[in-house]
Amino acid sequence: FQSGRNLQGKGAEHLTKGQILRNPDATRLLMGIAACLPSSESGTFLSKGALDEMLRLCALDMVGSSLSQIASCGLCLSITNHKEFGNILENRAHHLYSRFVLLLRRIAAFSMTYMDFV
């Protein structure tokens, strides 16, 4: 997962044009992997660490690169969709609940316009 650019460098020569992994795709993939990890101590540690990195990429100081890309890819719908990650938002006991809520808040707040507040 590389912020603000396509995968390049070592191993990139083996990817065809249709296989390049972009930030929105990588974001969903990372969230999916984190959500599917077991709730053991090591699984929880890994999944929380992965989402913490996503939260770092969605910080306000990243407005010019990752946050704008992630906010414009429809991730709010993915987080709230029951077929994707919505079940995590309904389960306050889930070990990733607070991170998914914070991620949703950051992305939604960035995407809002003046008309959303009126």
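Residues numbered from 1 in each chain as written. Predicted model: local features only at pLDDT ≥ 70, side-chain atom pairs only at ≥ 80, totals over all residues. Heavy atoms only, no water.

*Asks:* How would you summarise the overall build of the protein chain if you had to cite specific residues and measurements?
*Replies:* Looking only at helices and strands, one finds seven helices and zero strands in the protein chain. Burial analysis of the protein chain (118 residues in total) assigns 30% to the buried set. Looking at the protein chain as shown, the accessible area adds up to about 7500 Å², and 57% of this sits on carbon and sulfur atoms. (Helix = DSSP H or I, 4+ residues; strand = E, 2+ residues; numbered from the N terminus. Buried < 20%, exposed > 50% of the residue type's maximum accessible area, 1.4 Å probe, protein only. Areas by Shrake-Rupley, 256 points an atom, 1.4 Å probe, with all protein chains shown as cover.)

*Asks:* Account for the packing of aromatic side chains, with residues named and values stated.
*Replies:* Inspection of the entire model under this criterion finds one aromatic pair. Ring geometry for Phe-85 and Phe-100: centres 5.6 Å apart, planes at 40 degrees, overall tilted. Of this pair, Phe-85 sits in the loop between helix H4 (75-80) and helix H5 (86-90) while Phe-100 sits in helix H6 (residues 97-111), placing them 15 residues apart in sequence. (Phe/Tyr/Trp six-rings, centres within 6.5 Å; stacked < 30°, edge-to-face > 60°.)

*Asks:* Which residues make up the nonpolar core, and what are the values?
*Replies:* In this structure, Met-31, Leu-51, Leu-75, Ile-79, Phe-100, Leu-103 and Ile-107 are the most contacted members of the largest nonpolar core, which totals 20 residues. Those elements that provide at least two residues to this core are helix H1 (23-36), helix H2 (41-57), helix H3 (63-71), H4 and H6. When residues no more than four places from it in sequence are discounted, the contact partners of Leu-75 are Thr-27, Arg-28, Met-31, Ile-70 and Ile-107. (Core = buried A, V, L, I, M, F, W, Y, C linked by side-chain atoms within 4.5 Å. Contact = heavy atoms within 4.5 Å.)

*Asks:* Which residues make up the pattern of salt bridges, and what values go with them?
*Replies:* Under the definition given, this model contains two salt bridges. Taking the shortest distance from any N to any O, the salt bridge between Asp-52 and Arg-99 comes out at 2.7 Å. Of this pair, Asp-52 sits in helix H2 while Arg-99 sits in helix H6, and the two are 47 residues apart along the sequence. (Salt bridge = Lys/Arg side-chain N within 4 Å of Asp/Glu carboxyl O.)

*Asks:* Tell me about H6, and please be specific about residues and values.
*Replies:* The end-to-end C-alpha separation of H6 is 21 Å, in line with the 21 Å expected for 15 residues at 1.5 Å each. Among the residues of H6, those classed as buried are Tyr-97, Arg-99, Phe-100, Leu-103, Leu-104 and Ile-107. Along the long axis of H6, the arc covered by the buried residues comes to 165 degrees, so they all point the same way. (Expected span 1.5 Å × (residues − 1). Arc of directions from axis to C-beta.)

*Asks:* Now, about the packing of H2 against H6: what can you tell me, with residues and values included?
*Replies:* Where H2 contacts H6, the axes come no closer than 10 Å and their chain directions differ by 15 degrees. Considering the angle they form, H2 stands roughly parallel to H6. Classified by chirality, the crossing of H6 by H2 is left-handed. In contact with Lys-48, Leu-51, Asp-52, Met-54, Leu-55 and Arg-56 of H2, H6 contributes Arg-99, Phe-100, Leu-102, Leu-103 and Arg-106. Here the contact of H2 with H6 is composed, by residue class, of six nonpolar, no polar and five charged. (Axes fitted to C-alpha atoms, helices over the stretch in contact; angles between N-to-C directions. Parallel < 35°, antiparallel > 145°, perpendicular 65-115°, else oblique. Left-handed = near helix turned anticlockwise from the far one by under 90°. Nonpolar A, V, L, I, M, F, W, Y, C, P; charged D, E, K, R; others polar.)

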